[in-house]
Amino acid sequence: MIGRPWQNWAGNQHAFPSDRAEPRSVDDLRSVLRRAVDASRPVRCVGAGHSFTPIAVTHGVQISLDSLCGIESVVRDEDGCARVTVLAGTRLRDLSAQLWELGLAMTNLGDIDEQSVAGAISTGTHGTGGRFGGIATQVHALELMSADGQLVQCSRQENPDLFDAARVGLGALGVITRVTLHCVPAFALRAVEEPSTLTATLVELDATVASVDHFEFYWFPHTDRVLTKRNTRLPGNAGLHPLGKVRSYVDDELLSNTVFEGLNRVVTRVPALIPRLNAVSARALSAREYTDRSYRVFASSRTVKFVEMEYAVPASEIGWVLREVDRWLEQSSISIAFPVEVRFAAADDIWLSTAYERPTAYIAVHQYHRRDHREYFDAVEAICRSVGGRPHWGKLHSLGGDELRDSYEHFDDFLRVRDSIDPHRLFVSEYIARLLL
């Protein structure tokens, strides 16, 4: 297929690939890779385009896995869990609904479910919950196609080094074709959302993260106000009490998207209004409680375009980081309309996971796509880096291979595996080359 211009969801990354392919089978994919090798063209895969970095950008062959989708098999365990094998292009939103019909669920999800399974794994997508890891920690086994067209299987038992690398592989090792996920019995979530203060939230933070299954909060810059979200896991057969259609539309579509878009257009022209509007918005929030299928609670609709940076910092440092960001904003001339999102994750053992071997807090900062983000993001990045922060692989940051090597114990092990499986650098781009020196 002749290539055509591409841009990501946020519109901040653009590609002009020489070819764009959407294979409908593993054999089709093999043919695409063979043609790329013969033409000496690099290859990058693209999922939903929800990464803010140039990770999918290429001047070579851009491969969409959208046609490689669906559940292939379900192997149930005695404890009610299951190993579910899915094709790599399956979108998380579709998978979650299909799993529910099978009496199953993903253990944890992020706050957006548009991504493909392969894309979410490759960039380290995560949700929140002090006892739960990111999506890659739910991977039981992987199949990927290497540059020479071979299908390679990996798990903890088979090709374990490749497994440790490929679970957060940045698309640098090959094309993921199938993923076997460890799924749990379907469960509901009781969501309790209520306003509070940043001061009170930080005082109780350790106890809250330890006692609440899935806790997160949103801090409104230039104020001491936050919105807290506590999600508690319930059995799948628990009575569901979802938000009514009117309340859901008003809160999640009208206020969170339509009105918020309008406000951002206004404050883009008059930034001085932002602190006052943040204070009014934060105080106007009302508490709400509802119970619904887990995947419906985890994810929410996002239609307001923004760019984002997110850093993973040691959980013990998040209070200091937030206070430093607040101090910087007080001293700068920058005004920020988007709330700062704070989430949590358990330590894991994946080589390039942002939560590798440490309990983690995530601080995500956003800027409206029509406003300049650079000064704000640079300042937050410096604060996070001062406590050993690691950038989310799918979100904006300034680091290259030298800095990243210092952050990851197994960085050179990852390069060793990459050298073995892709010695001629088929799956490379300018951006990947900068990351993986």
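It should be noted that the structure appears before, not after, this text.
Everything numeric in this text was worked out from a predicted model, so none of it was measured.

Draft legend 1. Structural detail: the environment of Gly319. As for its position among the elements, Gly319 is in helix H10 (residues 318-331). Between the C-alpha atom of Gly319 and that of Cys69, which follows or precedes it by 250 residues, the distance is 41 Å.

Draft legend 2. Quick look at the packing of aromatic side chains. Inspection of every chain in the model, using the stated rule, returns eleven aromatic pairs. Ring centres of Phe215 and Phe217 lie 6.0 Å apart, and the angle between their planes is 40°; on these two criteria the pair is classed as tilted. Using a relative accessible area of 2% as the deciding quantity, one classes Phe215 as buried. Relative accessible area serves as the criterion here: at 0%, Phe217 is assigned to the buried category. Residues Phe306 and Phe338 carry aromatic rings whose centres are separated by 5.7 Å and whose planes lie at 55° to one another, so their mutual orientation is tilted. Taken as a pair, Phe306 in strand S16 (residues 306-314) and Phe338 in the loop between H10 and strand S17 (340-345) lie far apart in primary sequence, 32 residues in all. Residue Phe306 is classed as buried on the basis of its relative accessible area of 2%.

Draft legend 3. Structural detail: unusual backbone geometry. One non-glycine residue, His222, lies in positive phi territory at about 75°. Relative to the assigned elements, His222 resides in the loop between strand S13 (214-219) and strand S14 (225-235). His222 sits in the partly exposed class, given a relative accessible area of 26%. You will see that Glu357, though not glycine, has its phi angle at about 55°, which is positive. Within the secondary structure layout, Glu357 lies in the loop between S17 and strand S18 (360-368).

Draft legend 4. Local environment of the pairing of strand S10 (residues 151-155). Sheet topology places strand S9 (residues 139-145) next to S10; five bridges connect them, and they run antiparallel. From the neighbouring strand, Ala141 faces S10, where its bridge partner is Ser155. Remark: five residues form the turn of the hairpin made by S9 and S10, two consecutive strands paired antiparallel; Gly149 in that turn has positive phi of roughly 85°.

Draft legend 5. Summary view of the pattern of salt bridges. Tallied over the full model, the rule gives 30 salt bridges. With a shortest N-O distance of 2.2 Å, Asp19 and Arg41 are connected by a salt bridge. With Asp19 in strand S3 (residues 19-21) and Arg41 in the loop between helix H1 (26-38) and strand S4 (43-46), this pair connects stretches of sequence that are 22 residues apart. The exposure class of Asp19 is buried, given its relative accessible area of 18%. Close ionic contact of Arg30 with Asp27 constitutes a salt bridge, the shortest N to O distance being 2.9 Å. Of the two residues, Arg30 and Asp27 are both situated in helix H1; the distance of three residues between them amounts to about one turn of the helix.

Each value, and the rule that gives it
Along each chain, numbering runs from 1 in the same order as the chain's sequence is written. Per-residue local features of the predicted model are confined to residues with pLDDT of at least 70, and side-chain atom pairs are confined, for both listing and counting, to 80 or more; whole-chain, interface and lining totals are unaffected and use all residues. Note: side-chain values were computed over all heavy atoms of the structure, leaving out hydrogens and water. Secondary structure counts use DSSP, requiring at least four H or I residues in a row for a helix and at least two E residues in a row for a strand, with both numbered from the N terminus. Side-chain rings of Phe, Tyr and Trp (the six-membered ring for Trp) are treated as a pair once their centres are within 6.5 Å; stacked means planes under 30 degrees apart, edge-to-face means over 60, and tilted covers the remaining angles. Burial status follows relative accessibility: with a 1.4 Å probe on protein chains alone, a residue under 20% of its type maximum counts as buried, one over 50% as exposed, and anything between as partly exposed. Pairs of strands are assigned from DSSP output, requiring at least two bridges between the strands. One side-chain nitrogen of Lys or Arg within 4 Å of one carboxyl oxygen of Asp or Glu is enough to make a salt bridge.

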